[in-house]
Amino acid sequence: MIVGESQRHAGRPELVRARKRQGMSQEEAAEAVGVSPTTWARWERGEQGVRACYRARMAAVFEAEAVEVERWIEGWASGATSSWPAVDCGADSPAATVRSAAHLWRLEMDPSRRQLLATLPFVPSALGEWLVAWDYGTPAESAAQHGTGPIVGLADVARINEARKAFSQMDRQFGSGLVRPVVMRYLNGNVAPLLRGRYDDRVGAELMRAAAGMSWMAGWTAFDVNQHGQAQQHFGQALRLAKAGDDPLMGARVLSTLAQQAVHVEQPTWAAWLARAAVDTARRAEAPPRVMSLMLVKEAWATALQVKFAASQDGHGVKRVERLLTEAESAHAQGVTDRDPAWVAFCDEVELSAQIGRCWSLLGDHRRAADSAEVAITGYGEHLPRSAQFNRVHAAEAYLEMGELEQALASARAAIPMTKALTSVRSVELVRQFAGRLEPYGDSVMVREFRDHLKCELAA
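Residues numbered from 1 in each chain as written. Predicted model: local features only at pLDDT ≥ 70, side-chain atom pairs only at ≥ 80, totals over all residues. Heavy atoms only, no water.

1. A closer look at helix α23 (residues 445–459)
Put simply, the rule reads: Runs of H or I in DSSP of at least four residues are treated as helices and runs of E of at least two as strands, each being numbered from the N terminus. To estimate how far a helix should reach, multiply one less than its number of residues by 1.5 Å. Here's how the labels work: a residue is buried when its accessible area is under 20% of the maximum for its type, exposed when over 50%, partly exposed in between, all with a 1.4 Å probe on protein chains only. Note that the arc is defined by the directions from the helix axis to the C-beta atoms.
Compared with an ideal rise of 1.5 Å per residue, which puts 15 residues at 21 Å, α23 spans 21 Å between its outermost C-alpha atoms and is within 8% of the ideal. Along α23, the residues that are buried comprise V447, F450 and L454. Looking straight down α23, one finds its buried side chains confined to an arc of 60°; they lie on one side. Exposed positions of α23 whose direction lies more than 90 degrees from the buried face are D452, K455 and A459.

So this is what it looks like as structure tokens:
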């Protein structure tokens, strides 16, 4: 692996300390791992990359976790924990942002490193620094770069944006398991070389914005396959790239998606903070109505999660959710404008109904949750199978909560063929969670038949 410029100068002090804790000389460590003393010395000085097989040997020799060995070698920021390497999303130069993003994308292309990234947990403590950096960090004076790579123009940027649109359509149609490897290869093989190229301030800003959108796509596809720490890392890079490109609307999108992820992993406080930061960012940028609607409904979603987790009935919280939903619907009704970013096109009436339904579900209003999900199912039809599958299961959950067992099972059964066809871990997890909720009705013939059918279909 190529070692970053800063690491070549700084060496690998953590690797040195790890060796000394074992009471080993460089020669002894080299012999234990199976390399020459010269190679080991170069590793410690940061002059040579360390192949995956030798990282595994280090973990065995030093009796350390694989992620700890990665920290010694890659020089992750001091904000890292023993289980998660923090992305540095502080205010920094565009050049540093480029290096940080390219480094993460390279890690994704190494099978051993990719497996490590996939095991990383979602770490809420990393989010505070990101929010501060986003809100108070000073944007760079220029996004221009005079690198040694190719000359980059607006046509190159346009190709990135078109690729992202294509990947997004594939993701919605087939699930992220299919498209994620392609996204990562494109980032590492196409976007990273352009970021290292030569471009003026205008092209640089557009390039950072396009890269932010593609990095968001990497995060989203990781989210859909339940790799939450990995997703969080890519979202962090997307936020940093959006800052470098002075793109507040993309920044708001990243923050709102992080809020959605926080809802998913049941972190109500962080979900609310992230969602409010997204709304505040959108307001400051005078976002077009459809963008504002999307941010508001995500804040309503996060607020509803707080109400769900409240120790007692939170009437104030319920009223706040209702106000946010009313404001979101009002903003959405204003329609499209020529200022709408391309990514907001998916936020139509059907999507809005689906997201509103999730809010009602969290608040325990299952009749309205079911009605919203049914509207979404009809609207999505067959052209957006993952969204339709999600809402069929959400409708099933609502019917089950209302005691309408037969209707619940019918809705969930209709979702199973879509679940099989998708490469989305979330979709499989969702229908299995529904099956788990059927435990109180375990003696019912209908439930036993449904569970047997689900087990057989997913196994196939």
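The discussion continues.
2. Topic: the packing of helix α10 (residues 154–174) against helix α12 (residues 201–224)
Rules: Simply put, an axis is a line fit to the C-alpha atoms, just over the touching stretch for a helix, and the angle between two N-to-C directions goes from 0 to 180 degrees. Angles below 35 degrees are treated as roughly parallel, those above 145 as roughly antiparallel, those between 65 and 115 as roughly perpendicular, and all remaining angles as oblique. Note on convention: near helix rotated counterclockwise from far helix by under a right angle means a left-handed crossing. Clockwise means right-handed. Here, two residues are considered to be in contact whenever any of their heavy atoms come within 4.5 Å of each other. Gly falls in the polar group here, along with every residue not listed as nonpolar (Ala, Val, Leu, Ile, Met, Phe, Trp, Tyr, Cys, Pro) or charged (Asp, Glu, Lys, Arg).
One can describe the packing of α10 onto α12 by two numbers: an axis separation of 9 Å at closest approach and a directional angle of 15°. One way to sum up the angle between α10 and α12 is to call them roughly parallel. At the point where α10 passes α12, the crossing takes the left-handed sense. Contacts between α10 and α12 involve L154, V157, I160, N161, A163, R164, F167, S168 and D171 on the former and, on the latter, R202, V203, E206, L207, A210, G213, M214, M217, W220, T221 and D224. Grouping the constituent residues of the contact of α10 with α12 by class yields 11 nonpolar, 4 polar and 5 charged.

3. Here's the deal with the packing of helix α16 (residues 289–309) against helix α18 (residues 349–363)
At a closest axis distance of 8 Å, the pairing of α16 and α18 adopts a crossing angle of 15°. As the angle between them shows, α16 and α18 are arranged roughly parallel. The hand of the α16/α18 crossing is left-handed. Counting all contacts with α16, which are made through R290, S293, L294, V297, K298, A300, W301, A304, L305, V307 and K308, the residues of α18 involved are E349, L352, Q355, I356, R358, C359, L362 and L363.

4. Overview of the environment of W301
Note that W301 resides in helix α16. A relative accessible area of 13% means that W301 is categorised as buried. In the structure, W301 is positioned 26 residues away from A275 in sequence and 8.8 Å away in space, judged by C-alpha atoms.

5. Quick look at the nonpolar core
The condition is simple: The definition of a nonpolar core used throughout is a set of buried Ala, Val, Leu, Ile, Met, Phe, Trp, Tyr and Cys residues joined through side-chain atoms within 4.5 Å.
Residues W105, M214, M295, F434 and F450 are the most contacted members of the largest nonpolar core, which totals 115 residues. With 13 residues, the top contributor of residues to this core is α12. Those residues in contact with M214 that lie beyond four places of it in its chain are I160, A163, R164, F167, V183, Y186 and L187. L15, M24, F62 and V69 belong to the second largest nonpolar core, which has 17 residues in total.

6. A word on the confidence of the model for the protein
How we decide: Per-residue confidence from the predictor is reported as pLDDT, which spans 0 to 100.
Chain-level statistics for the protein give a pLDDT mean of 89 and a share of 93% at 70 or above. Confidence scores differ between elements of the protein, with helix α1 (residues 5–10) showing the lowest mean pLDDT of 42 and α12 the highest of 97. Taken together, the stretch residues 1–9 has pLDDT below 50 and engages in 21 contacts with residues farther than four places along the chain or on a different chain.

7. Remarks on the environment of L384
By secondary structure assignment, the location of L384 is in the loop between α19 (366–380) and α20 (385–401). A sequence separation of 211 residues divides L384 from Q173, and the C-alpha atoms of the two residues are 5.5 Å apart.

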